[in-house]
Each structure stands twice: as structure tokens, then as C-alpha cells.
Amino acid sequence: MLKVKVYADRMSQPSRAVLIFCKVNGIEFDEIKVEISKRQQLSPEFADINPFKKLPAIVDGRFKLFESHAILIYLASAFPGIPDHWYPADLSRRARVHSVLDWHHLNLRHGAAPFVLHTVLAPVLGLPLNPQAAAEAEKILISSLSKLENIWLKGNGRYLLGGLRPSIADLSLVCEIMQLELLDEKDQERILGPHKKVQQWIESTRDATRPHFDEVHKVLYKVKEIIRAKKSNQGDGVMQSRTKTPLASKM
Amino acid sequence: MGKLKVYADRMSQPSRAVLIFCRISGIDFEEIKVDISKGQHLSPDFTEVNPLQKVPAIVHGSLKLFESHAILVYLASAFTGIADHWYPTELSRRAKINSVMDWHHSNLRNGAVNYVINTTLAPALGRQLNPKAATEAENVLLSSLKTLEDIWLNGDGGFLCNGIQPSLADLSMVCELMQLEVLDERDRSRILSPYKKVLQWIENTRTATNPHFEEVHNILYRAKKKFEQQRARTAETRTGPSNKVDEHLDSICVIWMQSQDKVVLTEGNLCKRQENLTADTHQRKK
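As the structure is a computational prediction, the values presented were derived from the model and not from experiment.

Peer 1: Honestly, the overall build of chain B in this entry has me stumped. Any pointers?
Peer 2: Broken down by element type, chain B carries 12 helices and 4 strands. Every one of the 286 residues in chain B was classed for burial, and the buried ones make up 56%. For chain B, the share of sequence-separated contacts (at least 6 apart) that also reach a separation of at least 24 residues comes to 69%. When the accessible area of chain B is evaluated, it comes to approximately 12,100 Å², of which 50% is carbon and sulfur surface.

Peer 1: Looking at this structure, how should I read the environment of Thr89 of chain B?
Peer 2: All names here are of chain B. Mapped onto the elements, Thr89 comes out in the loop between α3 (68-78) and α4 (91-124). Placed 86 residues apart in sequence, Thr89 and Cys175 show a C-alpha to C-alpha distance of 24 Å. Leaving out residues up to four positions away in the same chain, Thr89 has contacts with Asp84 and Arg94.

Peer 1: Please clarify how the sheet that holds strand β1 (residues 4-8) of chain B should be interpreted in this entry.
Peer 2: All names here are of chain B. Pairing is mixed across the open sheet formed by 4 strands, whose spatial order is β2-β1-β3-β4. Both edges of this open sheet fall to β2 (29-33) and β4 (63-66), since each of them pairs with a single strand only. For this sheet the average axis-to-axis angle between neighbouring strands, irrespective of direction, equals 20 degrees. Taken together, the 5 bridges between β1 and β2 define a ladder with parallel strand orientation. Within β2, the position partnered with Ala8 by the bridge is Lys33.

Peer 1: Help me out: how do you make sense of the UniProt feature "domain: GST N-terminal" (unreviewed entry) in chain A in this one?
Peer 2: If you check UniProt for "domain: GST N-terminal" (unreviewed entry), the listed places come out as residues 2-83 of chain A in our numbering. The distance separating the terminal C-alpha atoms of residues 2-83 of chain A is 23 Å; by composition the span is 35% helix and 22% strand.

Peer 1: How should the side chain of Ser172 of chain A be read in this particular structure?
Peer 2: Residues and elements named next belong to chain A. As for its position among the elements, Ser172 is in helix α7 (residues 168-178). For Ser172, a relative accessible area of 6% gives the class buried. Of note is the side chain of Ser172, whose polar atom sits 2.9 Å from the side chain of His69. Apart from the residues within four sequence positions on either side, Ser172 is in contact with Ala17, His69, Leu72, Leu101 and His104.

Peer 1: Mind showing me how you'd approach the sheet that holds strand β2 (residues 29-33) of chain A here?
Peer 2: Sheet strands pair via backbone hydrogen bonds, and the direction of the pair is either parallel or antiparallel. Residues and elements named next belong to chain A. What the 4 strands build is an open sheet, ordered β2-β1-β3-β4; its pairing is mixed. The outermost strands of the open sheet, each flanked by one partner alone, are β2 and β4 (63-66). Taking each pair of neighbouring strands and ignoring which way they run, the sheet shows an average axis angle of 20 degrees. Here strand β3 (residues 57-60) runs beside β4; their pairing, made up of 4 bridges, is antiparallel. Bridging from a neighbouring strand, Ala57 pairs with Phe66 of β4. Across the sheet, helix α1 (residues 13-24) is in contact with β1 (4-8) and β2; its angle to β1 comes to roughly 150 degrees.

Peer 1: How should empty space enclosed by the protein be read in this particular structure?
Peer 2: Space left empty within the atom packing is revealed by a probe, the size of a water molecule, rolled over the atoms. In this structure the tally under the stated criterion is 2 cavities of 30 Å³ or more. Of the pockets and cavities examined, the largest cavity occupies roughly 120 Å³. Surrounding the largest cavity, His69, Ile73, His98, Leu101 and Asp102 of chain A together with His69, Ala70, Val73, Tyr87, Asn98, Met101 and Asp102 of chain B form its lining. For the lining of the largest cavity, the secondary-structure elements that each account for two or more residues are α3 (68-78) and α4 (91-105) of chain A together with α3 and α4 of chain B. For the lining of the largest cavity, the per-class residue count stands at 6 nonpolar, 4 polar and 2 charged. Its volume calculated, the second largest cavity comes out at about 30 Å³. In this structure, the second largest cavity is lined by Ala70, Ile73, Tyr74 and Ser77 of chain A together with Leu91, Arg94, Ala95 and Asn98 of chain B. When residues of the lining of the second largest cavity are traced back to their parent elements, those giving at least two are α3 of chain A together with α4 of chain B. Classifying every residue of the lining of the second largest cavity gives 5 nonpolar, 2 polar and 1 charged.

Peer 1: I'm lost on the pairing of β2 of chain A in this one. Help?
Peer 2: Put simply, side chains in a regular strand alternate between the two faces of the sheet. Residues and elements named next belong to chain A. Examined bridge by bridge, β1 and β2 share 5 bridges and lie parallel to one another. Directly across from Ala8, in β2, lies its bridge partner Lys33. What joins β1 to β2 is α1, and the crossover it makes is right-handed.

Peer 1: Even after reading the chapter, I still don't get the interface of chain A and chain B, so can you show me in this structure?
Peer 2: Many authors give the size of an interface as the accessible area that is lost as the parts come together. Contact residues are listed per partner, giving 32 residues for chain A and 33 residues for chain B. Interface area, chain A with chain B, both sides summed: about 2,800 Å², of which 70% is carbon and sulfur. For the chain A face of the interface with chain B, the top three residues by lost area are Phe52, Asp102 and Leu106 of chain A, together amounting to 19%. Between chain A and chain B we count 0 salt bridges in total. Counting across the chain A and chain B interface gives 3 residue pairs in polar contact (both at pLDDT 80 or more).

Conventions and cut-offs
Residues numbered from 1 in each chain as written. Chains lettered and ligands numbered in written order. Predicted model: local features only at pLDDT ≥ 70, side-chain atom pairs only at ≥ 80, totals over all residues. Heavy atoms only, no water. Helix = DSSP H or I, 4+ residues; strand = E, 2+ residues; numbered from the N terminus. Buried < 20%, exposed > 50% of the residue type's maximum accessible area, 1.4 Å probe, protein only. Contact = heavy atoms within 4.5 Å. Areas by Shrake-Rupley, 256 points an atom, 1.4 Å probe, with all protein chains shown as cover. Pairing = 2+ DSSP bridges. Axes fitted to C-alpha atoms, helices over the stretch in contact; angles between N-to-C directions. UniProt positions renumbered as here; feature names shortened; annotations may be inferred. Polar contact = N/O pair within 3.5 Å; in protein donor to acceptor, adjacent residues only side chain to side chain. 1 Å grid on protein atoms, 1.4 Å probe; cavity = no way out; pocket = protein on both sides within 12 Å on 5 of 7 lines; lining within 4 Å. Points joined across faces, edges and corners; volume = space filled by probe spheres on them. Nonpolar A, V, L, I, M, F, W, Y, C, P; charged D, E, K, R; others polar. Right-handed = clockwise from strand over helix to strand, strands pointing away. Buried area = accessible area lost by both parts, 1.4 Å probe. Salt bridge = Lys/Arg side-chain N within 4 Å of Asp/Glu carboxyl O.

Written out as C-alpha cells, the structure reads:
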């Protein structure tokens, strides 16, 4: 039986969600690194896997699939022995998981990803900063965090929808929020600080998926250090390569 | 379990998709109209059903659910006798349908909604166009149409992912595209006519779900006529809104603005206007 191939870049939030899900659930797979910073997703070979040239993507036998939520649902359904809380068999609970996964696209993801891109990540990728796009994205991000805090995390459980155990929705959304690690401390505090439930939820999800969560996020922490170092060396005006300098991880 | 309740406004594309699906599948339900133009989605009663105050939403027994794709998937799974092609049990086929529904949010929906608002609604109400937003939206819309034509409609099936019969994804996305009916005819033609497969696919989906498709879209066709009349009037007189028909168009504008967080937050003029209209609605209710 051929192993599932997972095409991923660990700098990509949805890639991380799929990798962590596979590892936590003991799904045998081959991780095939596709580095966005080197534009490897634009290669003809990868376009054959995913004509949209985005990550993550999977190949299971002859079956090719992209869009991380569709992938998570497929894996949770196709592999035996996956605990029910990830993707409940009960139709009502399952439907609620779908509803937050759907909400995510034009809310949390729509705010968080562009905000991080247009404030700190752009220089690392050699792109110009865009303060207007950053401001728009920030509004959406803050509105989404507020909805998470007050609506989606309502209830007795520590997870979305009052869940006592994490679902694929928790994993997907928390991986998205982790991208905010790249922001400077002040921005992180300003944006995340008021949302106590959100912070607890991130910790719960991390806890429930140890040690894989931190292991998969290592590259993100490394890039965080590089960005910090670059900021404190401001005035150089020269962009450093992100892979050449080995830095001791704080984690 | 009590009868399924579907909270919908037929001017809302995802509301229409849910209504048509229920009808075509013979699902017994009660349609509860939530008139966004009257601010009914902001009422405490409706907020109980959906704290995010959007349509469509359903109540089925103790389940309260919103987000149209989640609703469609739930209905296709929870009710008996639903034809398999809507949401196949075979996992890889199902996964493909999930993937196009995921793609939809940030692509076709995002482009279509913002394009209609920034071209048709603003001028119809004698307000400032936001050419930049219109151009951005048009780019997203055209890119999405091209993607549908070249990738999602690849093959001879006639439906998305080479399907030979419609799935939930087809219904959802064709309802979205129907919103373009309110555009100026030349504009609509300019945008859609290069995409032959897309045009055929719209027809296929319509045929597969008639007469319910047409019936549910009636309100949209009436809105289309009103916009045409308004455009003709504006062209003749070059004045802004001044009468009852225009107030109704004003309300329709509110529908789309309020249903789109992104647009409300980024369109300065429209945003202010929406706040005023919402305040008016609350004032009237007191």
C-alpha cells in the first residue's frame, strides 16, 4: 500500500495543520517539502499535483487533493482508528465543525494571513510592505478574534463549539493564529492580549497535540528569530538569507 | 424532531441554494423569511438562531446551524432518500466536492459579491464609485471564472469536477453567479460570454433543478428590472434617488453590504451609509 504523500511548506499555516493531524493520528505519510520562498510551488511537477499551485496538497494512490479542510476531512474519514472528536460521526456535531471551518476562510484567515504578510513577512520574501492592506487586514483579524472569543469559544469546553476535545477546526484555526508569532511583541500583545479564551484555546490545542505541534512549528520560530534579529540590526538595508544562519531555537 | 426551519432571504445567494436544495430533494421544511433590507437579521430573535446574524440559517430539532455549505452538507446527510450525486458517499468524490466548495469562499464569492456592489449598487444609488475596489473585484471575478472554465469544469461531465449530475457545489456556485443578473446587460455579457463551459454549466444546473430554480430566483429577476429602470432613469435625468423604487434599491444595497464584512470595513462611503441605514432601521423599530 503506497503511503500518502503530503506536499507541504511548514511556513504555510494550512500545511502545518495537515502535518500535525497526520502525526498525532499515526497516519503513515511521506512529507514532500515544497518551499514557497524558493517558488517551488510554481514548478510544472507541482502544478501537475495541484493546478492552483498552492499548499498543502496530498496524493493518495492516484487520487490528488488540495484545500486543507477538504484534506483534513478526507484523512479523518479515510483512515481507520482516528478518534471521533477530530471529525465527529454525529451529524449535528459534524455540521457545527463544518460551519466554523467555512467561516474561517473569509474571517480569521482573511485577516491573519494578509496582516502578517503585509507587516513582517513581506521583507523576508523580498516584497514591498503595504500599510493599507495591513490596516484592512487588521480590522478583519481583530473582528474575527472577537467573534472567536465571544461566540465560537462559548461553552464549557476548552475548544471551539464548546468541545471538550479538539476537532480538525481547532487545529486549522490555531495553526492560522500561530502565524502571529512572527509579529513583534507589542503587536502580538495588542492584538491577542484582550482575548483570554483565545489564548487558552491555543495552549489547549498545543497541549493536545504535543510534541508534534511544536516540532512542526519549529521553522516558524526560527523565522521569528531571524525577523527579530533583522529588526535590531536595522540600518543594514540588506536582506539576509533566511536559511544560512543557524540560530538556537528558544523552544 | 420538529419540522426543519430555514431562515432565508431570497436576495441572498447562499439562501437560494439551500431553498432550492430542499425543494428539489423533497425535504419538508418551513421557510422563514428574514428581510435583510428591513434589518430583520439584527433582531434578538434571529440573533438567537445565528449569533453572527447572517442568512441562511436552519433550526432542526435542537440544532441551530449557519454557513450555507455546512447546511447543505448536513441536509444531504441527515435526510433520507437524497440522491447520491448531491454529496457522494464515495470519499474521494466527496473530497473533490469539498475542495471546490472551500475554494469558492475566497474566489468566486469574494469576486462576484464585491464586483456587483462596486459597479451596480453604488451608481444605482447615485453614489461615488470606488474604481479601485471595482477593478480589484473584477480581477478576482475574472480569475475565478477562468479557473472554473479551465480547471473545475475540465472534462465532458457538464458539472464541476467532471460530474455528470449536479452536486451541492454546483448549486451553491451557480446561485452565486446568478447575482450577476443585476449587472448592466453589456457588462454581464462582457464578463461571462468568453466562458462557454461556465455558461453551459449554469444552464445545466438550472435545468436539473427547475422549476424550483426559477421560482426561487423570481425576486432577483424583479430586482434586475428595477435596476434596469433606475439605470435608464439616471441616464436620462442624471439625478440621484428620489422615490419609492429608489428606496427599495437603497435597501437592496444594504443587503449586500451588511452580508459582507469585508466590504463594510473597506468601503469608506458605503460603510458610513450602511451605518446610517442601520441606525434608521433601529429607529423605525422603536
